[in-house]
Amino acid sequence: MPKRSSDSPRKADWGEILFTEVTPSTRADFENLFEQPGGPKYCLCMAWRNLENREHVPNDERKRAMMTLIEADTPVGIVAQAGGKTIGWCSVAPRETYRKLSPQQDDDTEAGVWSIVCFYVPRALRGGGLAAALLDAAIDHAFAKGARTVEAYPVDKASPSYRFMGFRDMFVSRGFHETGMAGSRRHVMRLER
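Since the model is a prediction, treat every value here as computed from it, not as a measurement. Numbers given to residues run from 1 along each chain, matching the order in which its sequence is written. Reporting in this predicted model follows two pLDDT cut-offs: at least 70 for local features of residues, and 80 or more for side-chain atom pairs to be given and counted; totals over whole chains, interfaces and linings ignore these cut-offs and use all residues. For side-chain calculations, the full set of non-hydrogen atoms in the structure is used, while hydrogens and water are omitted.

Given two aromatic rings, one states the distance between the centres and the angle between the planes to describe the pair. For this analysis, a ring pair means two rings from Phe, Tyr or Trp (six-membered ring only for Trp) whose centres lie within 6.5 Å, classed as stacked if their planes differ by under 30 degrees, edge-to-face if by over 60, and tilted for the remaining angles. For the structure on display, the rule yields eight aromatic pairs. For the ring pair Phe34 and Tyr120, a centre distance of 6.0 Å and an interplane angle of 50° mean the geometry is tilted. Taken together, the residues Phe34 in helix α1 (residues 27-35) and Tyr120 in strand β5 (residues 113-120) connect sequence positions 86 residues apart. Grouping residues by exposure puts Phe34 and Tyr120 together as buried. Secondary structure elements are taken from DSSP: a helix is a run of H or I of four residues or more, a strand is a run of E of two residues or more, and numbering for both begins at the N terminus. Exposure is judged per residue with a 1.4 Å probe applied to protein chains only, and the accessible area is read against the type maximum: over 50% gives exposed, under 20% gives buried, and values in between give partly exposed.

Structure (C-alpha coordinates):
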(Lines give C-alpha, C1' and ligand atoms only; values in the text may rest on other atoms or scores of the structure.)
Protein backbone atom coordinates (compact mmCIF):
# COMPACT_ATOMS: atom_id res chain seq x y z
CA MET A 1 0.00 0.00 0.00
CA PRO A 2 1.30 3.48 -0.76
CA LYS A 3 3.11 5.78 1.58
CA ARG A 4 2.08 9.42 1.58
CA SER A 5 3.61 12.47 3.06
CA SER A 6 2.00 15.72 4.00
CA ASP A 7 2.23 18.25 1.17
CA SER A 8 -0.44 20.71 2.18
CA PRO A 9 0.03 23.43 4.81
CA ARG A 10 -3.51 22.67 6.05
CA LYS A 11 -2.57 19.11 6.93
CA ALA A 12 -0.85 18.18 10.15
CA ASP A 13 2.83 17.34 9.88
CA TRP A 14 2.46 13.56 9.83
CA GLY A 15 5.78 12.83 8.21
CA GLU A 16 5.35 9.65 6.27
CA ILE A 17 2.12 7.75 6.72
CA LEU A 18 2.06 4.08 5.88
CA PHE A 19 -1.30 2.55 4.94
CA THR A 20 -1.61 -1.18 5.54
CA GLU A 21 -4.36 -3.66 4.77
CA VAL A 22 -5.66 -5.45 7.85
CA THR A 23 -4.77 -9.14 7.45
CA PRO A 24 -4.02 -11.99 9.86
CA SER A 25 -0.41 -10.77 10.03
CA THR A 26 -1.38 -7.11 10.73
CA ARG A 27 -4.48 -7.62 12.87
CA ALA A 28 -2.62 -6.56 16.04
CA ASP A 29 -2.30 -3.04 14.58
CA PHE A 30 -6.10 -2.92 14.16
CA GLU A 31 -6.69 -4.32 17.66
CA ASN A 32 -4.27 -1.87 19.29
CA LEU A 33 -5.96 1.12 17.63
CA PHE A 34 -9.46 0.04 18.61
CA GLU A 35 -8.55 -0.91 22.18
CA GLN A 36 -6.63 2.25 23.09
CA PRO A 37 -8.34 4.71 25.47
CA GLY A 38 -11.17 6.39 23.56
CA GLY A 39 -11.09 3.76 20.81
CA PRO A 40 -14.33 2.28 19.46
CA LYS A 41 -13.86 -1.12 21.12
CA TYR A 42 -17.65 -1.24 21.64
CA CYS A 43 -18.13 -1.46 17.87
CA LEU A 44 -14.99 -2.98 16.34
CA CYS A 45 -16.44 -1.84 13.01
CA MET A 46 -19.12 -4.54 13.02
CA ALA A 47 -22.09 -2.12 12.77
CA TRP A 48 -22.46 -2.55 8.99
CA ARG A 49 -21.35 -6.17 8.79
CA ASN A 50 -23.55 -9.24 8.90
CA LEU A 51 -23.98 -10.03 12.57
CA GLU A 52 -27.17 -11.50 13.99
CA ASN A 53 -28.90 -9.40 16.62
CA ARG A 54 -26.11 -6.80 16.32
CA GLU A 55 -27.74 -4.28 18.68
CA HIS A 56 -27.51 -6.74 21.57
CA VAL A 57 -24.19 -8.44 20.87
CA PRO A 58 -21.61 -8.04 23.67
CA ASN A 59 -18.29 -6.40 22.79
CA ASP A 60 -16.31 -9.62 23.12
CA GLU A 61 -18.58 -11.30 20.55
CA ARG A 62 -18.16 -8.35 18.16
CA LYS A 63 -14.40 -8.70 18.53
CA ARG A 64 -14.56 -12.46 17.91
CA ALA A 65 -16.69 -11.87 14.80
CA MET A 66 -14.22 -9.31 13.42
CA MET A 67 -11.20 -11.50 14.21
CA THR A 68 -12.92 -14.42 12.45
CA LEU A 69 -13.31 -12.26 9.33
CA ILE A 70 -9.68 -11.18 9.49
CA GLU A 71 -8.40 -14.73 10.07
CA ALA A 72 -10.44 -15.90 7.06
CA ASP A 73 -8.66 -13.25 4.92
CA THR A 74 -11.93 -11.41 4.35
CA PRO A 75 -11.09 -7.81 3.41
CA VAL A 76 -12.14 -5.49 6.24
CA GLY A 77 -10.13 -2.29 5.77
CA ILE A 78 -6.88 -0.43 6.17
CA VAL A 79 -4.97 1.21 9.01
CA ALA A 80 -2.72 4.27 8.93
CA GLN A 81 0.60 4.25 10.76
CA ALA A 82 3.08 7.00 11.53
CA GLY A 83 6.06 7.04 13.85
CA GLY A 84 5.59 3.36 14.64
CA LYS A 85 2.02 3.89 15.90
CA THR A 86 -1.33 2.98 14.38
CA ILE A 87 -3.16 6.29 14.07
CA GLY A 88 -6.28 5.69 11.97
CA TRP A 89 -8.68 3.23 10.33
CA CYS A 90 -10.93 3.07 7.29
CA SER A 91 -13.38 0.24 6.67
CA VAL A 92 -13.17 -0.51 2.93
CA ALA A 93 -14.20 -3.89 1.56
CA PRO A 94 -16.31 -5.56 -1.12
CA ARG A 95 -19.91 -4.44 -0.67
CA GLU A 96 -21.13 -8.02 -0.36
CA THR A 97 -19.17 -8.40 2.90
CA TYR A 98 -21.53 -5.87 4.53
CA ARG A 99 -25.23 -6.01 5.24
CA LYS A 100 -27.52 -3.96 2.98
CA LEU A 101 -26.18 -0.40 2.99
CA SER A 102 -28.72 1.48 0.85
CA PRO A 103 -32.12 1.10 -0.82
CA GLN A 104 -30.37 1.06 -4.23
CA GLN A 105 -28.80 -2.24 -3.23
CA ASP A 106 -31.99 -4.29 -3.75
CA ASP A 107 -30.37 -6.20 -6.58
CA ASP A 108 -26.95 -7.11 -5.24
CA THR A 109 -25.78 -8.88 -8.39
CA GLU A 110 -23.64 -5.90 -9.39
CA ALA A 111 -20.03 -7.09 -9.27
CA GLY A 112 -16.93 -5.15 -8.38
CA VAL A 113 -18.43 -2.66 -5.90
CA TRP A 114 -16.35 -1.88 -2.82
CA SER A 115 -17.84 0.17 0.03
CA ILE A 116 -16.26 2.68 2.39
CA VAL A 117 -18.39 2.73 5.54
CA CYS A 118 -16.34 3.98 8.46
CA PHE A 119 -13.38 6.10 9.54
CA TYR A 120 -11.78 6.20 12.95
CA VAL A 121 -9.25 8.86 13.86
CA PRO A 122 -8.45 9.36 17.56
CA ARG A 123 -9.90 12.62 18.87
CA ALA A 124 -6.47 14.19 19.46
CA LEU A 125 -5.60 13.73 15.76
CA ARG A 126 -8.82 15.01 14.21
CA GLY A 127 -8.90 18.07 11.99
CA GLY A 128 -5.45 17.60 10.51
CA GLY A 129 -6.33 15.83 7.26
CA LEU A 130 -5.85 12.23 8.37
CA ALA A 131 -9.39 11.19 7.35
CA ALA A 132 -8.79 12.63 3.87
CA ALA A 133 -5.49 10.74 3.62
CA LEU A 134 -7.27 7.56 4.73
CA LEU A 135 -9.93 8.14 2.07
CA ASP A 136 -7.29 8.54 -0.66
CA ALA A 137 -5.56 5.35 0.49
CA ALA A 138 -8.88 3.46 0.70
CA ILE A 139 -9.78 4.46 -2.86
CA ASP A 140 -6.35 3.36 -4.12
CA HIS A 141 -6.62 0.11 -2.15
CA ALA A 142 -10.07 -0.77 -3.50
CA PHE A 143 -9.11 -0.17 -7.12
CA ALA A 144 -5.82 -2.04 -6.69
CA LYS A 145 -7.83 -5.03 -5.37
CA GLY A 146 -10.07 -5.06 -8.45
CA ALA A 147 -12.97 -2.74 -7.60
CA ARG A 148 -14.79 -1.27 -10.57
CA THR A 149 -16.76 1.12 -8.37
CA VAL A 150 -16.16 2.55 -4.90
CA GLU A 151 -19.34 3.43 -3.04
CA ALA A 152 -19.63 5.48 0.15
CA TYR A 153 -22.39 6.78 2.41
CA PRO A 154 -21.19 10.10 3.90
CA VAL A 155 -23.21 12.79 5.63
CA ASP A 156 -23.25 16.57 5.56
CA LYS A 157 -21.06 18.28 8.17
CA ALA A 158 -24.13 19.45 10.10
CA SER A 159 -25.41 15.89 10.54
CA PRO A 160 -25.91 14.92 14.18
CA SER A 161 -25.27 11.24 13.42
CA TYR A 162 -23.33 8.88 11.13
CA ARG A 163 -20.35 11.25 11.14
CA PHE A 164 -18.03 8.22 11.31
CA MET A 165 -18.98 7.55 7.67
CA GLY A 166 -17.19 10.70 6.53
CA PHE A 167 -18.39 14.02 5.21
CA ARG A 168 -19.94 14.47 1.77
CA ASP A 169 -17.60 17.31 0.72
CA MET A 170 -14.54 15.08 1.20
CA PHE A 171 -15.97 12.61 -1.31
CA VAL A 172 -17.19 15.25 -3.79
CA SER A 173 -13.69 16.75 -3.94
CA ARG A 174 -12.37 13.34 -5.05
CA GLY A 175 -14.85 12.94 -7.89
CA PHE A 176 -17.60 10.91 -6.21
CA HIS A 177 -21.10 11.58 -7.56
CA GLU A 178 -24.35 11.17 -5.68
CA THR A 179 -26.73 8.39 -6.72
CA GLY A 180 -29.35 8.68 -3.98
CA MET A 181 -29.92 8.65 -0.25
CA ALA A 182 -29.75 5.93 2.39
CA GLY A 183 -32.15 7.16 5.03
CA SER A 184 -32.51 10.86 5.71
CA ARG A 185 -28.83 11.70 6.30
CA ARG A 186 -26.52 9.38 4.37
CA HIS A 187 -25.72 10.26 0.74
CA VAL A 188 -24.98 7.29 -1.51
CA MET A 189 -21.96 8.33 -3.55
CA ARG A 190 -19.92 6.50 -6.18
CA LEU A 191 -16.58 6.74 -7.93
CA GLU A 192 -15.72 4.73 -11.03
CA ARG A 193 -12.36 4.42 -12.77
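So much for the structure itself; the text now carries on.
This part is about helix α3 (residues 130-144). An expected span of 1.5 Å times one less than the residue number is assigned to each helix. For α3, built from 15 residues, the straight-helix expectation of 21 Å at 1.5 Å per residue is met to within 8% by its first-to-last C-alpha distance of 21 Å. Most of α3 is tucked away: twelve of the 15 residues are buried. By the burial criterion, the buried members of α3 are Leu130, Ala132, Ala133, Leu134, Leu135, Asp136, Ala137, Ala138, Ile139, His141, Ala142 and Phe143. With its phi angle positive at about 105°, Gly146 sits one or two positions after the end of α3.

Three or four residues apart is the spacing at which side chains of an α-helix point the same way, because the helix has 3.6 residues per turn. An ideal rise of 1.5 Å per residue puts 18 Å on 13 residues; helix α2 (residues 59-71) measures up with 18 Å between its terminal C-alpha atoms. Those residues of α2 lying buried are Arg62, Ala65, Met66, Met67 and Ile70. The contact rule is simple, with two residues in contact once any of their heavy atoms fall within 4.5 Å. Tucked into the core, α2 has its buried residues touching α1. Looking one or two places after α2, you find Asp73, whose phi comes out positive at around 60°.

Our focus in this paragraph is the pairing of strand β8 (residues 186-192). With respect to burial, β8 is a largely interior element, six of its seven residues being buried. Between any two strands, pairing holds if DSSP finds at least two bridges. Across four bridges, the pairing between strand β6 (residues 149-152) and β8 is antiparallel. If you follow Glu151 over to β8, its bridge partner there is Arg190. The pairing of strand β7 (residues 177-182) with β8 spans five bridges and is classified as antiparallel. The residue bridging Met181 from the neighbouring strand is His187, located in β8. The loop that links β7 with its antiparallel partner β8 comprises three residues; one of these, Gly183, has a positive phi angle of about 80°.

Throughout, nonpolar core names a set of buried Ala, Val, Leu, Ile, Met, Phe, Trp, Tyr and Cys residues whose side chains join them through atoms within 4.5 Å. Counting residues in each nonpolar core, the largest one holds 30 residues, and the members touching the most others are Phe19, Ile78, Ile116, Phe119, Leu134, Phe171 and Phe176. The set of elements that each furnish at least two residues to this core consists of β2 (16-21), β3 (78-82), β4 (85-94), β5, α3, β6, α4 (168-172) and β8. For this core, the element with the most residues is α3, which contributes ten residues. Beyond its immediate sequence surroundings of up to four residues, Leu134 is in contact with Phe19, Ile78, Ala80, Gly88, Trp89, Cys90, Phe119, Tyr120 and Val121. Counting residues in each nonpolar core, the second largest holds 27 residues, with Phe34, Val79, Tyr153 and Ala182 among its members.

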